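Remarks on the overall topology
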Amino acid sequence: MRWDGQKDVGDRQQALPGLPGLVRSVRTPDFADVVFHEVRAKSVLNRVPGGRLPFGWTVNPYRGCTHGCTYCLAGDTPVLLADGRTKPISRLAVGEQVFGTREGRFVATRVKALWTTEKPAYRLTLEDGTQVVASGDHRFLTEDGWRHLTPGRCADSDERPFLVKGARLVGTGRFTAPPAADDDYRRGYLWGVVRGGLPGDPDVLARARDFGGGVIPRDGELVEWPAAPGDEWSKGFLAGLFDARGTATGGELVLSSSDSTVFEAAVLALLRLRIAHVVEVRGVRITGGLAEKLRFLHLVNPAVARGNAVEGTPVPRGARLGVLSVEALGVTRTLYDITTGTGDFVANGLVSHNCFARNSHTYLDLDAGHDFDSQVVVKVNAVEVLTAQLKSRRWRREHVAMGTNTDPYQRAEGRYALMPGIIRALADSGTPFSVLTKGTVLSRDIPLLSEAAGQVPVGIGVSIALLDRELQAGLEPGTPSPQARLELVRRVREAGLPCGVFVAPVLPGLTDSAQRLDELLAGIAAAGATGVTVLPLHLRPGAREWFARWLARERPDLVDGYRKLYARGAYVDAHYRRRLAARVEPLLRKHGLAVQHRVELSGEPDDDDGAWPGGSLPASTPNPRGLDRGQLTLL
């Protein structure tokens, strides 16, 4: 690869300011849109918590973020969209536009990735009543810089900065919930939009027609004003009038009407809803800064988007956004996060940091995988640090697994060549190790792995989900072809090394036919694999949404079938698992493959329920079970 054209990244935002041990951030012409953040790490050998896996330690020379943190929010946290509206973070879609910040001002940015994780939840409460549920790792922008929600120590760094009582956050404060859109709201909207002078905007006409039961009433048909208009009617009325006669020029929100009755009704509605305003010659102007403008837009919810009221405005400071409390909820929850072009977004009115997507957060390795690969942190001193750690008197030469979180043979390894030194350090110290990859760069180190296997037990695993090149390119972009991975298995076995293959995930209706499985297993057997594990598709929240969009676009005929198969949640229907097992087992026998696989048969299988294929773990590993599909960088 040509790295003579690499250059330092001048933009310090791109260079991850504050990243512990950062030496430099570079780009190279060989890797478009990829930034390599070179760091000098303090630790490379990491303990695996929980004790549920057949190994207790990992080495990750490449990581999406050296903090190892996952910045996540509760699924119902409202995020500010680029059109001025809000949407719960769990319902965002890749490609959707939201507001982030740049140089202290709000700017539109695109969602590049969305994923979930399971983490202990904390509730942040501010002086103005704003509340956000997030992980302790999550970071918010304060007047003194970025701060994690709770104290703690990040990998390769000292004590991280965290929120304390009284710390002042930056943003507008909590977002207002949208109106209920009940009958009162609908009637109010029709009064406002028709009496205000029905415009020609198609969104406005569509809403008016919908609220009118398919017919838009005429001005003369709206004669009698409500005797005692309530809050919902007032919200609808203001939304309709704003759609008909409202402007957002220069970020100012103004309502106007030449009809004195309509104008007076608007002022009364604003007073009733306690919306700050001032009456001027040209109309009624919403006052109180950006926070009050957003409150108006969210409270009344006009049909016409008004993102221009936010775009380019300064991020508010000095509001009543002091920290009141941070409390642990005592539960682990499914939390969500996104990656944006600006590196941040606005969560319930607070400027919120987003993390780089990680392959271990998804099963399909689509958008999150792309973002993970576009910001690669390289521990350039990994060999030096690991060698020192393995010489410690406390080191017990336990099994070390590589590739269970980030692929050690990703593309960057071709440049940095960290794995040869890591392999030598492990072998020379008498430490058994395993490698799981879908990267064919491993073939470069086959001679070295053979040499190491003469010193310590070595396991090698390769993931191959399917043979169809076109399907693989759509689901697993940027990775070596199935044929290249089969060739890798063959070369590993020819060198006398063990090699287990993960056939995962099996996709119902796409890769699960007897013919396709037979062809794939025949190829794996011909390559000489020492074992196979077959696992059906597992769809946790996040991956489920990504795959659903892909399926609806590419194979809409399968959508209803998948909806039924995954009706109970992340795991495929138990009947399907039994059918798949009955289909796979005779094929494994046919091709002489060691039957070291498992297709879950229980109704609610555990995440670690499964077997590692023969050869993927060192021979010395006792009871090689506990296959955590959330840890494998498979498809």
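In case you missed it, the structure is sitting above this.
Now for a look at the structure at hand. Please read all numbers here as calculations on a predicted model, not as lab measurements.

**A short note on the overall build of the protein chain**
When you go through the protein chain residue by residue, the secondary structure sums to 16 helices and 26 strands. Split into buried and exposed, the 635 residues of the protein chain put 57% on the buried side. In the protein chain, 71% of the contacts between residues at least 6 apart in sequence involve partners at least 24 apart. Put simply, the protein chain shows about 25900 Å² of open surface, and 48% of that area lies on carbon and sulfur atoms.

**Considering the nonpolar core**
For soluble globular proteins, the rule of thumb is that nonpolar side chains tend to be buried together. In terms of nonpolar packing, the biggest core is built from 77 residues, with F433, I524 and F547 touching the most fellow members. The leading source of residues in this core is helix α9 (residues 419–428), at 6 residues. Not counting chain neighbours up to four residues away, the residues in contact with I524 comprise L486, V501, V503, A529, V532 and L593. With 38 residues, the next largest nonpolar core counts I216, W233, L253 and V284 among its residues.

**Here we look at the pairing of strand β13 (residues 139–142)**
Residue alternation in β13 divides its side chains into two sets, R139 and L141 and F140 and T142, and both sets are buried. Pairing of β13 with strand β14 (residues 145–148) involves 4 bridges; the strand directions are antiparallel. Bridging across to β14, R139 finds its partner in H148. In this antiparallel pair of consecutive strands, β13 and β14, the connection spans 2 residues.

**Thoughts on unusual backbone geometry**
A cis amide bond links A504 to the next residue, P505, at an omega of -5°. The backbone of A181 sits at a positive phi, close to 55°, despite the residue not being glycine. By relative accessible area, which is 33% here, A181 ends up partly exposed. The phi angle at A417 is positive, at roughly 50°, despite the residue not being glycine.

**Points about the packing of aromatic side chains**
Taken as a whole and judged by the stated rule, the model has 11 aromatic pairs. For the ring pair W57 and W395, a centre distance of 5.3 Å and an interplane angle of 80° mean the geometry is edge-to-face. Of this pair, W57 sits in strand β5 (residues 57–59) while W395 is found in the loop between α7 (382–390) and β22 (400–402), placing the two residues 338 residues apart along the sequence. Across this residue pair, the class does not change: W57 and W395 are buried. Here the aromatic rings of W233 and F237 are separated by 5.2 Å at their centres, their planes lie at 10°, and the arrangement is stacked. Placement of the pair is W233 and F237 together in helix α3 (residues 231–245), with a separation of 4 residues, close to one helical turn. Look at W233 and you get buried, because its relative accessible area is 7%. Taken together, the aromatic side chains of F547, W550, Y562 and Y566 make up a single cluster linked through ring pairs. For the cation-ring pair, R415 lies above Y416, with the distance from its terminal atom to the ring centre recorded as 5.4 Å.

**Looking at the pattern of salt bridges**
Per the stated rule, a full pass over the model turns up 23 salt bridges. Here E232 makes a salt bridge to K235, at a shortest N to O gap of 3.0 Å. Remark: K235 and E232 occur in helix α3; sequence separation between them is 3 residues, near one turn of the helix. Each member of the pair, E232 as well as K235, is classed as buried. Ionic pairing is found between R444 and D445, a salt bridge with its closest N-O pair at 2.9 Å. For R444, a relative accessible area of 34% corresponds to the partly exposed category. Salt bridges sharing partners connect three or more residues here, namely E252, E280 and R285.

**Comments concerning the pairing of strand β18 (residues 323–340)**
Examined bridge by bridge, strand β7 (residues 73–74) and β18 share 2 bridges and lie antiparallel to one another. Its bridge partner lying in β18, L73 is registered against Y336. Where strand β11 (residues 105–126) lies against β18, 14 bridges are found, and the strand directions are antiparallel. Note on β18: the bridge partner recorded for Y122 is A328.

**Considerations on the environment of V133**
Here V133 is to be found in strand β12 (residues 131–135). Assessed through its relative accessible area of 13%, V133 is described here as buried. For the pair V133 and L73, spaced 60 residues apart in the sequence, the C-alpha separation amounts to 6.0 Å. In this structure, V133 is in contact with L73, A74, T77, A121, Y122, R123, L329 and R333, ignoring residues within four places of it in sequence.

**Regarding the sheet that holds strand β15 (residues 254–255)**
The strand order across the open sheet formed by 3 strands is β15-β17-β16, and the pairing between neighbours is antiparallel. Each having just a single partner strand, β15 and β16 (277–280) make up the two edges of the open sheet.

**Describing the sheet that holds strand β26 (residues 531–536)**
Pairing within the open sheet is mixed, and its 7 strands lie in the order β4-β5-β22-β23-β24-β25-β26. This sheet does not close on itself; its edge strands, each paired only once, are β4 (45–47) and β26. Strand-to-strand twist in this sheet, taken as the mean axis angle between neighbours without regard to direction, amounts to 25°. As defined by bridge partners, β5 adjoins β22 across 2 bridges and the pair is classed as parallel. Following the sheet pairing, W57 is matched in β22 by V400. Of the strands in this sheet, β24 (458–463) and β25 (500–506) touch helix α12 (residues 482–494), which is tilted by about 160° from β24. The strands touched by helix α16 (residues 574–590) are β25 and β26; relative to β26, the strand with the most contacts, the crossing angle is about 160°.

**Quick word on helix α1 (residues 183–195)**
Here α1 spans 18 Å end to end across 13 residues, near enough to the 18 Å set by a 1.5 Å rise per residue. Buried within α1 we find Y185, G188, Y189, L190, W191, G192, V193, V194 and R195. Tucked inside the fold, the buried residues of α1 contact α2 (202–211), α3, α4 (260–272) and α5 (289–300). G197 occupies a position one or two residues after α1 and carries a positive phi of about 105°.

**Here's the deal with the side chain of H298**
Note that H298 resides in helix α5. Given the relative accessible area of 5%, H298 is considered buried. A polar atom in the side chain of H298 sits 2.7 Å from the backbone oxygen of G84. With residues up to four places along the chain from it excluded, the contact list for H298 reads L80, G84, R85, T86, F175, T176, A177, P178 and P179.

**Focus on the packing of helix α13 (residues 514–527) against α16**
Where α13 meets α16, the closest approach of the two axes is 10 Å, and the angle between their N-to-C directions is 35°. When the axes of α13 and α16 are compared, the crossing they make is right-handed. Residues A514, L517, D518 and L521 of α13 form the contact with α16, whose own contacting residues are L580, R583, V584, L587, L588 and K590. Per-class residue counts for the contact of α13 with α16 are 7 nonpolar, no polar and 3 charged.

Definitions and limits used
Residues numbered from 1 in each chain as written. Predicted model: local features only at pLDDT ≥ 70, side-chain atom pairs only at ≥ 80, totals over all residues. Heavy atoms only, no water. Helix = DSSP H or I, 4+ residues; strand = E, 2+ residues; numbered from the N terminus. Buried < 20%, exposed > 50% of the residue type's maximum accessible area, 1.4 Å probe, protein only. Contact = heavy atoms within 4.5 Å. Areas by Shrake-Rupley, 256 points an atom, 1.4 Å probe, with all protein chains shown as cover. Core = buried A, V, L, I, M, F, W, Y, C linked by side-chain atoms within 4.5 Å. Pairing = 2+ DSSP bridges. Phe/Tyr/Trp six-rings, centres within 6.5 Å; stacked < 30°, edge-to-face > 60°. Lys NZ or Arg CZ within 6 Å of the ring centre and 35° of its normal. Salt bridge = Lys/Arg side-chain N within 4 Å of Asp/Glu carboxyl O. Axes fitted to C-alpha atoms, helices over the stretch in contact; angles between N-to-C directions. Expected span 1.5 Å × (residues − 1). Polar contact = N/O pair within 3.5 Å; in protein donor to acceptor, adjacent residues only side chain to side chain. Left-handed = near helix turned anticlockwise from the far one by under 90°. Nonpolar A, V, L, I, M, F, W, Y, C, P; charged D, E, K, R; others polar.

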